[in-house]
Every structure is written in structure tokens, then in C-alpha cells.
Amino acid sequence: MDAIKSYILRHGLRSGDRLPTESALCADLGVSRSSVREALRRLQALDIVTVRQGSGSYVGDMSMQPLVETLVLRAALDEINGVESLHSIVETRHALDLGIALPLTRAMTGTTNPRLWELVDAMATRAREGATYLDQDIAFHSGLLAYLDNALMHQLVAAMWLVHQSVTPQLAAASRQEMEDAADAHAAILRACEAGDPAAYAAAVDAHYAPLLAIIEGR
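Let us look at the structure shown here. Here the structure is a predicted model, which is why all the values come from computation and not from measurement.

### Things to note about the nonpolar core
Within the largest apolar cluster, 35 residues are counted, with the highest numbers of intra-cluster contacts made by Leu104, Phe140, Leu144, Ile189 and Tyr201. Among the elements of the structure, α5 (83-99), α6 (101-108), α7 (114-128), α8 (134-145), α9 (151-167), α10 (176-195) and α11 (198-216) are those that each provide at least two residues to this core. Setting aside anything within four residues of it in sequence, one finds Leu104 in contact with Leu144, Tyr147, Leu148, Cys193 and Tyr201. Listed in part, the 13 residues of the second largest apolar core include Ile4, Cys26, Ala39 and Leu40.

Here you go:
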């Protein structure tokens, strides 16, 4: 497995590029065909390699899906119904959002974002109605990340969000006030981004996560 990964790096291969045949890999790596097949099978499970029957092997998408599935299973196996895993996920998301304060506010300074404001308004409306707004929430954060040229950040946030969605139903429901406060925090985040104010952005991010952390911690 390490040899095949090294081959991908040495030859500068990218997602979708074709790998050599099994025979060529055997010769290049000095291993048996069965070893190559087993390595490719395991790498496929990690989305590093894609094996197409009758066509050959290709560099995979290298998505975060294996990570997501592992974290979801870990959350399901937690002794306290996934709350420990969700706490870790929320803390990680919180840290990621704070970590992009400077590049994000710089990129968004002076911009106008009617689509993001529509999502903020939708969240506020649903909060007043006592309804959740998970879809609007992830769409909002994805919209912010679109300003950053960082594919890994997009994948990490998406992975954390999928785990978040899988575990959240096990928690006590947020109060209407907590949902309204979180919706207001999204407005403050967007306002700070458009104003290019990293300090205001960080404060709004803290306010965004405070209600959820309070529910998780049972306060």
C-alpha cells in the first residue's frame, strides 16, 4: 500500500489518472500479483484508488467519506449515545471556523451576498416557528468557504457536518430562544465578513456555537 501511494506521489498522479497494470506494478514494486491486488483492494476502501472491472485501476477521489463513516460508527458506539463524539466534532468545527477568521474576512471585505442573506433570513424565520434549519446552516457555511481556495477545508467541514447530522437527533431539542440566538449569530458572522472585521467574526462564531455546546454539556 505504501509503495503504491509513493508511486502516485513520485509520478505526480491526480484523481482520475490511470495506474499501471497489475503486472507493471508487480515488476515495478518487486512484489507478487496477490500482494498488489490486496493493496489495491485496501486502498479502494480508503478512496485512494478506484478499481474499474475490465478497465483497470485509477487514482481515487481521496474524499473524506471513509473518515465520515468511521466517525459516524464511533459516535454510534459511544457509551453515552454519541454525545462525546458530537462534542469533539463541534469543538473541531468551532476551531476550524475560528482558524479562518483572517483569510475569510479579507476575502469577503466589501462583498455583498444576497444568497447568504436569504439563508440567514430563512434560519431566523424557521427559528421563530420552532423549526430546525440544518440544510440552511450547512449551505451558509459552504457559501462562506467558497471564498477560500482550500479544498481540504471544504472536505473537512463537510465531513464534520455529516457526523454532526447523524448524532444531533439524539440530543435534547434546542429551545426556540437558543435557535433564534444561533440564527442571529449567523447574521453577525456574515455582517463581520462583509465588513472585514475578524474580531467581530470571531465573537459571532463563539456566539454561534455557544447554544449547541450548552445543550451537549447539559447546561
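### Regarding the environment of Leu134
Tracing the backbone through its elements, the reader meets Leu134 in helix α8. On the basis of relative accessibility, which here comes to 32%, the residue Leu134 falls in the partly exposed class. Leu134 sits eleven residues away from Met123 along the chain, and the two C-alpha atoms are 8.8 Å apart.

### Quick look at the pattern of salt bridges
Scanning all chains against the criterion turns up seven salt bridges. Arg10 is the salt-bridge partner of Asp28, the closest N and O atoms lying 3.6 Å from each other. With a gap of 18 residues between them, Asp28 in helix α2 (residues 22-29) and Arg10 in helix α1 (residues 2-10) connect regions that are remote in the sequence. Linked through salt bridges whose partners overlap, the residues forming this network are Glu22, Arg33 and Arg37.

### Looking at empty space enclosed by the protein
Using the criterion set out here, one finds two cavities of 30 Å³ or more in the structure. Size it by volume and the largest cavity reaches roughly 50 Å³. Around the largest cavity, the lining residues are Asp97, Ile100, Leu104, His141, Leu144, Leu145, Ile189 and Tyr201. With three residues, α8 is the single largest residue contributor to the lining of the largest cavity. Here the residues of the lining of the largest cavity are counted per class, giving six nonpolar, one polar and one charged. Taken as a whole, the second largest cavity holds about 40 Å³ of empty space. Forming the boundary of the second largest cavity are Arg93, Asp97, His141, Leu145, Val157 and Tyr209. Every element with two or more residues in the lining of the second largest cavity is listed here: α5 and α8. When its residues are assigned to classes, the lining of the second largest cavity shows three nonpolar, one polar and two charged.

Basis of the calculations
- Residues numbered from 1 in each chain as written.
- Predicted model: local features only at pLDDT ≥ 70, side-chain atom pairs only at ≥ 80, totals over all residues.
- Heavy atoms only, no water.
- Core = buried A, V, L, I, M, F, W, Y, C linked by side-chain atoms within 4.5 Å.
- Buried < 20%, exposed > 50% of the residue type's maximum accessible area, 1.4 Å probe, protein only.
- Helix = DSSP H or I, 4+ residues; strand = E, 2+ residues; numbered from the N terminus.
- Contact = heavy atoms within 4.5 Å.
- Salt bridge = Lys/Arg side-chain N within 4 Å of Asp/Glu carboxyl O.
- 1 Å grid on protein atoms, 1.4 Å probe; cavity = no way out; pocket = protein on both sides within 12 Å on 5 of 7 lines; lining within 4 Å.
- Points joined across faces, edges and corners; volume = space filled by probe spheres on them.
- Nonpolar A, V, L, I, M, F, W, Y, C, P; charged D, E, K, R; others polar.

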